[in-house]
Each structure stands twice: as C-alpha cells, then as structure tokens.
Amino acid sequence: MPSLFRRKPTDLVDEAVTSVTPEETSARPRAYTPAKGRETPKRPVAGRRPAGPTRPLTKEEERERRRQLRAEAASEFRREGGPRDRGPERLLARNVVDSRRTVGTWFFGGALIVLIGSNSAMPPLVRLISNVLWGALALGVLVDSVLICRRIGKLVRERFPKTDQRMGSLYLYAVMRSITFRRMRAPAPQVAIGDKV
C-alpha cells in the first residue's frame, strides 16, 4: 500500500540538483558555508585576552616573564596592600601603629632568645631569666596592644562617627601590624615614627 506522505524519488532529485557556475565555486573560499538568511553575529572583542606572542617562548624567557610578573605583583601589594587594607579606617589604624615604636616588633626576636635560653641543657639561672623575659615580653605586647586599640577607637569615633567598620576587626588588624617588623609591613608605612596622626 503506498504511503500518503511519501515524496516521489524524482522530486528529491530535482531539489538536490542546483545550478552552480564554475565562477562561483572558484570565488568562494574552501570553508564556505551558505548563508541561512541572516548574518552570523561577531564575537565580542571586549574582555577577551590580547593575543600572546606569535612565537613560543623559550624556558628561560618564560621563567624571566614569570619572575617579572611576580616582582610587579609584590611591589604593587607592598605599595597598595590587598582588599583587607582598603578603607579610611584601616589607613588611620595603620598610621597610628606606624607612628610609634611598639613592643611587638621585638616580640619574635625575644621569643627566639627565650627558646634558646629555656633549653634543658642551659643552667637553671639562664632558664629562669629566659622565662622572666618571656613573661615581660608577653605583658609588654598586651599593654601596648591595649593602648593602641584605645587610641584607634578614640580617633575612629572622632573622625568617622558613622562608620560601619567592626571595631574588633580593626583592633585585630592594628595589633597584627604592630607585631610585624616595620620593614615587612604591607602596605608600606606612610608616616615616620613620632609623626602626629
């Protein structure tokens, strides 16, 4: 029984055969695709990575490029800091810490002396002195941290009365900066010791 919806083979052959002149085939590129009635949209150029170097880099060049990128990133971080260092309150806290000498900067050096002095091979007098030194350093850092936090709290309430900064986070930020060696602080100190903040 013949199907009602089936096309005759002659119709299919007529549709498949189209007249193409030799000039059209030679003018078209090899990867030519006929248009579907609308133009293919172009890819956006904005946000795309710039094209890299045309020739592949040697191992030495690649190593040098990576070293240079690391050095640039480190100098930028040393100059501007990271996301946690942004904001006027953080800048004020940094300036308060950087404008004074802190006991915390001596903490790690003192801890090393205490570690050596508290060795069981040391005489009892040396161990006693190292334990007293450890207690004095810990007490000095604690008192210095309280004084820094009080100063920062007072200045922030005066200069930024409508701040949304959490004070506990700001205090911890200042204390951690105060126990870091001045040359290793990031962002780098912008005030000298003794300057008025």
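The rules behind each value
Residues numbered from 1 in each chain as written. Predicted model: local features only at pLDDT ≥ 70, side-chain atom pairs only at ≥ 80, totals over all residues. Heavy atoms only, no water. Helix = DSSP H or I, 4+ residues; strand = E, 2+ residues; numbered from the N terminus. Buried < 20%, exposed > 50% of the residue type's maximum accessible area, 1.4 Å probe, protein only. Contact = heavy atoms within 4.5 Å. Phe/Tyr/Trp six-rings, centres within 6.5 Å; stacked < 30°, edge-to-face > 60°.

Colleague: Before we go on, may I ask you to explain the overall build of the chain in this structure?
Modeller: Counting its secondary structure elements, the chain contains 7 helices and 0 strands. Counted from the first residue to the last, the chain has its helices and strands arranged as α-α-α-α-α-α-α. Across the 197 residues that make up the chain, the buried fraction comes to 22%. Restricting the contact set of the chain to residue pairs at least 6 apart, pairs at least 24 apart contribute 72%.

Colleague: Would you mind showing me how to read the side chain of N95 here?
Modeller: Following the sequence through the fold, N95 ends up in helix α4 (residues 88-98). With near-sequence residues (within four places) excluded, N95 lies in contact with Q190, V191 and V197.

Colleague: Explanation requested: the packing of aromatic side chains in the structure shown.
Modeller: By convention here, two paired aromatic rings are described through the distance between centres and the angle between planes. Counting across every chain of the model gives 2 aromatic pairs. With centroids separated by 5.7 Å and ring planes inclined at 75°, the aromatic side chains of F107 and F108 adopt a geometry described as edge-to-face. Judged by centre distance (5.5 Å) and plane angle (40°), the ring pair of F107 and W134 falls under tilted. With F107 in helix α5 (residues 107-117) and W134 in helix α6 (residues 124-159), this pair connects stretches of sequence that are 27 residues apart. Given a relative accessible area of 37%, W134 falls into the partly exposed group. Within the aromatic cluster, the residues linked to one another by ring pairs are F107, F108 and W134.

What is shown is where atoms sit, not what they do.
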